[in-house]
Amino acid sequence: MFDAVTRNITFLMGGFLVTLELTFFALLGGIALGALVGLGRISKRPWIYYPVTMYVNFLRNIPLILVIFWFYFVMPIIAGSSLDPFLSAVISFIIFEATYFGEIFRAGYQSISKDLSAAAYSTGMTYAQTARYVLVPIAFRRMLPSLITQSIVTFQDTSLAFVIGLQEFVRRTSIVDNLEVRSIQLFGFVAVVFFIFCFIGSKISRHFEEKGRKTGLL
Amino acid sequence: MIEIKNVSKWFGDFQVLTDVNETIERGQTMVICGPSGSGKSTLLRCVNGLEPYQKGEIVVDGVSLSDPKTNLYKLRENIGMVFQRFELYPHMTALQNITLAPMKVRKWSKQKAGQKAMELLERVGIPDKADAYPANLSGGQQQRVAIARSLAMEPRYMMFDEPTSALDPEMIKEVLDVMVNLAKEGMTMLCVTHEMGFAREVADEIIFMDFGKIVERGTYEGFFNNPKSERAREFLDQIL
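Residues numbered from 1 in each chain as written. Chains lettered and ligands numbered in written order. Predicted model: local features only at pLDDT ≥ 70, side-chain atom pairs only at ≥ 80, totals over all residues. Heavy atoms only, no water.

A. Molecular detail of the overall build of chain B. Looking only at helices and strands, chain B features 9 helices and 10 strands. Taken over C-alpha atoms, the radius of gyration comes to 18 Å for chain B, in line with the 18 Å a tight globule of 240 residues would show. In terms of its C-alpha atoms, chain B occupies a principal-axis envelope of roughly 50 × 45 × 30 Å. Here chain B, with 240 residues, has 58% of them falling under the buried criterion. Considering only residue pairs separated by 6 or more positions, chain B has 65% of its internal contacts joining residues 24 or more positions apart. When the accessible area of chain B is evaluated, it comes to approximately 10,400 Å², of which 47% is carbon and sulfur surface. For chain B, the centre of its 29 positive side-chain charges and the centre of its 33 negative side-chain charges are spaced 6 Å apart. (Helix = DSSP H or I, 4+ residues; strand = E, 2+ residues; numbered from the N terminus. Rg over C-alpha atoms; globule rule 2.2 N^0.38 Å. Buried < 20%, exposed > 50% of the residue type's maximum accessible area, 1.4 Å probe, protein only. Contact = heavy atoms within 4.5 Å. Areas by Shrake-Rupley, 256 points an atom, 1.4 Å probe, with all protein chains shown as cover. Lys, Arg positive; Asp, Glu negative; His and termini not counted. Charge placed at Lys NZ, Arg CZ, Asp CG, Glu CD.)

Laid out in structure tokens, this is it:
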């Protein structure tokens, strides 16, 4: 029943590995850049706030597939040489996902009342101590469910990298399908794999959300 | 001693404090009242450097807050503050809330800080809540933990910013009792509150603020029985 899958399992799993790698780097860069974007979005300095806000609004209002596509085809014109599809995809994902992560960080930073930090300062704690022991742990706990959810979305989004010919999971499945012509079986397999990973992820997110609600953090 | 000399403060164009003068001697309890927006909370925040002021000077035990060399963190170790909405750290137990600053700022051992915290919880009447998280405590219990958290730093002064106005009526007394005991033990206190029963029992001085100015000052009897200004009379009519 799964003959086409089993015959090509090594090739398919190689594609899945690319998907995982792409997800890993997209999350690493997207979350790090997102933390900065979030800071920029609450900045009181107009020369930080406005450019960052424009960047966020611009990217959140165009489809990801266009970002990947344009980045891959426009960069060589600007840079003069063509980029490796994997690297191009990683960069596209980082700049795109950072806007979404940025909004999660912004909400997390803003969820902390001014009086809570004032309370910490009034016990003599320094800014660094207040941030380390009070603000960051609380903001992180509050953001965790949304961060996990957005990570799942990023994982799913990586399949869009097929438009620039990156041999990730979906692309390789489609190559196999061209030879085997077993679309339902092959893409059914892809769906099952994605589902298992995302379902586990959303359960984890849910767990932290309920935990947060119980302890009054959310 | 806290000396507030001619302090004025603006939020943009809006003047929140105008030429405020006041001296609080050690061991005194001062009650600050007045309508909302009159600058009471802002004044407290200026005293421990949480808010800057633009004119005048505040001197705490001889150290001026206007002096750029003054270490505000150091200064705040000696001035505890209690907030209207408790502001406990929600991710820590009552005990951890209390021990955090002594351990990080005073560098006390976990054991010493824990011991002190238990003494304080005993003093505010909830030693059995040491391991409870703020979400599982009532408002009155949370506020008592907040008071214990401030006291753990062994401050010379305590400031209270409307400590009972977010509480259900039946919980107000348990918090006020703790405050009354503190005042009677000789703690120097600045309390923004409309609890006139508390003021009568322990206030050495009451000041009434309106539009960022101290409009009236006096003892409880003087202020309560014979307010000099029209504004204070109106205010007392409203809260009593």
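Next comes the rest of the description.
B. Spotlight on the layout of surface pockets. A volume near 990 Å³ is recorded for the largest pocket. What lines the largest pocket is a set of 27 residues, and nearest its centre among them are A:I42, A:Y109, A:S117, A:Y127 and A:L135. Only α2 (9–41), α5 (85–110), α6 (114–121) and α7 (127–157) of chain A provide two or more residues apiece to the lining of the largest pocket. The greatest single-element share of the lining of the largest pocket, amounting to 7 residues, is contributed by α7(A). Looking at the lining of the largest pocket residue by residue, the class counts come to 17 nonpolar, 5 polar and 5 charged. In this structure, the second largest pocket occupies an estimated 300 Å³ of space. A:R142, A:G216, B:E87, B:L88 and B:P90 are the residues nearest the centre of the second largest pocket, which is lined by 15 residues in total. Within the lining of the second largest pocket, the residues separate by chemical class into 7 nonpolar, 5 polar and 3 charged. (1 Å grid on protein atoms, 1.4 Å probe; cavity = no way out; pocket = protein on both sides within 12 Å on 5 of 7 lines; lining within 4 Å. Points joined across faces, edges and corners; volume = space filled by probe spheres on them. Nonpolar A, V, L, I, M, F, W, Y, C, P; charged D, E, K, R; others polar.)

C. Representation of the interface of chain B and chain A. The partner chain A presents 25 residues to the 25 residues of chain B that form the contact. Both faces considered, chain B and chain A share a buried interface measuring about 2,000 Å² in area, 64% of it formed by carbon and sulfur atoms. Considering only the surface of chain B that becomes buried against chain A, B:Y73, B:P90 and B:H91 emerge as the three largest contributors, covering 28% of it. Counting the contacts that link chain B with chain A gives 2 salt bridges. (Buried area = accessible area lost by both parts, 1.4 Å probe. Salt bridge = Lys/Arg side-chain N within 4 Å of Asp/Glu carboxyl O.)

D. Here's a closer look at helix α5 (residues 139–151) of chain B. Across its 13 residues, α5(B) extends 18 Å between first and last C-alpha, which sits within 8% of the 18 Å expected from 1.5 Å per residue. For α5(B), a buried count of 13 out of 13 residues is recorded, marking the element as mostly surrounded by other parts of the structure. (Expected span 1.5 Å × (residues − 1).)

E. Fine view of unusual backbone geometry. Residues and elements named next belong to chain B. The residue N6 is not glycine, and still its phi comes out positive at about 50°. Given the relative accessible area of 40%, N6 is considered partly exposed. In this structure, E162 takes a positive phi of about 45° despite not being glycine. Along the chain, the position of E162 falls in the loop between β7 (157–161) and α6 (169–184).

F. Fine view of the environment of A:G102. Residue and element names in this part refer to chain A. With respect to the secondary-structure elements, G102 resides in helix α5. For the pair formed by G102 and L39, sequence separation is 63 residues and the distance between their alpha carbons is 8.0 Å. Those residues in contact with G102 that sit more than four places away from it in its chain are G34, V37 and G38.

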